[in-house]
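# A closer look at the structure
Here is how the chains run, residue by residue.
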Amino acid sequence: MKVSYHGHSVIKIQTNGKTILFDPFINGNELTDLKAENENPDVIILTHGHGDHVGDTMEIAKRSNALVIAPNELAVYLGFQGLNTHPMHIGGAYEFDFGKVKLTPAFHGSGLVTENKEIIYMGMPAGVLFMAEGKTIYHAGDTALFSDMKLIGERHPIDVAFLPIGDNFTMGPEDAAYAAELLMAKKTVPIHYDTFPPIKQDPHKFVESLKDKNGLVMTPGESLEL
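Keep in mind that what you see is a predicted model, and the values were worked out from it rather than measured. (Residues numbered from 1 in each chain as written. Predicted model: local features only at pLDDT ≥ 70, side-chain atom pairs only at ≥ 80, totals over all residues. Heavy atoms only, no water.)

## Quick look at the overall build of the protein
When you go through the protein residue by residue, the secondary structure sums to 6 helices and 15 strands. Computed over its C-alpha atoms, the radius of gyration of the protein comes to 16 Å, within 12% of the 17 Å expected for a compact globule of 226 residues. Taking the principal axes of its C-alpha atoms as reference, the protein extends roughly 45 × 40 × 30 Å. Per-residue burial over the protein gives 54% buried out of 226 residues. Of the contacts formed within the protein by residues at least 6 apart in sequence, a portion of 58% connects residues at least 24 apart. Accessible area for the protein stands at about 9900 Å²; split by element, carbon and sulfur atoms hold 49% of it. (Helix = DSSP H or I, 4+ residues; strand = E, 2+ residues; numbered from the N terminus. Rg over C-alpha atoms; globule rule 2.2 N^0.38 Å. Buried < 20%, exposed > 50% of the residue type's maximum accessible area, 1.4 Å probe, protein only. Contact = heavy atoms within 4.5 Å. Areas by Shrake-Rupley, 256 points an atom, 1.4 Å probe, with all protein chains shown as cover.)

## Things to note about the pattern of salt bridges
Enumeration according to the criterion identifies 4 salt bridges in this entry. Glu 154 is the partner of Lys 150 in a salt bridge, and the nearest nitrogen-oxygen pair spans 3.2 Å. Of this pair, Lys 150 and Glu 154 both sit in helix H4 (residues 149-155), 4 residues apart, which is roughly one turn of the helix. Residue class for Glu 154 comes out partly exposed when judged on its relative accessible area of 43%. (Salt bridge = Lys/Arg side-chain N within 4 Å of Asp/Glu carboxyl O.)

## What about the sheet that holds strand S15 (residues 223-225)?
Spatially, the 7 strands line up as an open sheet ordered S6-S5-S4-S3-S2-S1-S15, and their pairing is mixed. The sheet terminates laterally at strand S6 (84-88) and S15, the two strands that pair on one side only. Strand-to-strand, the axes of this sheet are offset by a mean angle of 20°, without reference to chain direction. Pairing analysis gives 5 bridges linking strand S2 (residues 11-15) to strand S3 (residues 18-22), with the strands arranged antiparallel. Of the residues in S3, the one forming a bridge with Lys 12 is Leu 21. (Pairing = 2+ DSSP bridges. Axes fitted to C-alpha atoms, helices over the stretch in contact; angles between N-to-C directions.)

## As for the UniProt feature "domain: Metallo-beta-lactamase" (unreviewed entry) in the protein
UniProt's feature table lists "domain: Metallo-beta-lactamase" (unreviewed entry) at residues 7-192, given in the numbering used throughout. Annotated as residues 7-192, this span is 21% helix and 33% strand, and its ends, taken at the C-alpha atoms, are 8 Å apart. (UniProt positions renumbered as here; feature names shortened; annotations may be inferred.)

## Comments concerning the nonpolar core
Judged by nonpolar contacts, the single largest core of 51 residues is most densely connected at Val 101, Phe 130 and Tyr 138. Not counting residues within four places of it along the chain, the set of residues in contact with Val 101 comprises Ile 45, Ile 69, Met 88, Gly 92, Ala 93, Tyr 94, Phe 96, Val 128, Leu 129 and Phe 130. Core analysis: the second largest hydrophobic core is formed by 19 residues, Ile 44, Ala 61, Val 68 and Leu 112 among them. (Core = buried A, V, L, I, M, F, W, Y, C linked by side-chain atoms within 4.5 Å.)

## Re the layout of surface pockets
Roughly 200 Å³ of internal volume is contained in the largest pocket. Taken together, Gly 51, Val 54, Gly 55, Thr 57, Met 58, Tyr 77, Leu 78, Leu 112, Val 113, Thr 114, Glu 115 and Ile 120 make up the lining of the largest pocket. Broken down by secondary-structure element, the contributors of at least two residues to the lining of the largest pocket are helix H1 (51-54), helix H2 (57-64), helix H3 (72-80) and strand S9 (111-113). Its residues assigned to classes, the lining of the largest pocket comprises 7 nonpolar, 4 polar and 1 charged. The calculated volume of the second largest pocket comes to roughly 160 Å³. (1 Å grid on protein atoms, 1.4 Å probe; cavity = no way out; pocket = protein on both sides within 12 Å on 5 of 7 lines; lining within 4 Å. Points joined across faces, edges and corners; volume = space filled by probe spheres on them. Nonpolar A, V, L, I, M, F, W, Y, C, P; charged D, E, K, R; others polar.)

## Digging into the environment of Glu 133
Structurally, Glu 133 is set in the loop between strand S11 (126-132) and strand S12 (135-139). Expressed as a C-alpha distance, the spacing of Glu 133 and Asn 16, which sit 117 residues apart in the sequence, is 7.9 Å. Setting aside chain neighbours within four positions, we find Glu 133 in contact with Met 1, Thr 15 and Asn 16. One polar contact links the side chain of Glu 133 to the main-chain amide nitrogen of Met 1, over a distance of 3.4 Å. (Polar contact = N/O pair within 3.5 Å; in protein donor to acceptor, adjacent residues only side chain to side chain.)

Following this line, the structure appears as structure tokens:
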């Protein structure tokens, strides 16, 4: 399994002959190394309905016919737009031919802003546990710290946890460091920072603060082999 980071909350997993792209916010993301027109994933997984996570899903999925996995209301909405979707909800899991996906709680919001400056509610936000080849990846999505992260880590031993550290909209570095303790992942990678002025952070300082010294700062385009 190959896991790569591409700025903000964009993660790519290549496993079982498939490419899975998480939260493909590419256009408008100055930190990413990707170009939306070059991405042809088999699967797109969305954590919630904010624009900096749904991102270029419409363009990419229409071109590649990617399966879009998302929380129910968001998946239904994207289905209305002609995309191939698989709706899920918090606590639910599904075994696909490329791996198992389970949605976890995330304490945040979820809504798309229309051209008319209206907000369409997109259901509850989620984190994602992705399991394949005997490995477990946790993408926390946008979330605050919550104590049930301990249960997530105990029930699903995590190889790599991607945690937001930006503060303001999500956990900040201190709360994310405590989340890392609860999750007990083998590696912890910071995401969702530096993209916009309110979420400027020092990821290296965050990694140094981790009690288990298991942190890894990944630059856009950097990958791990698991």
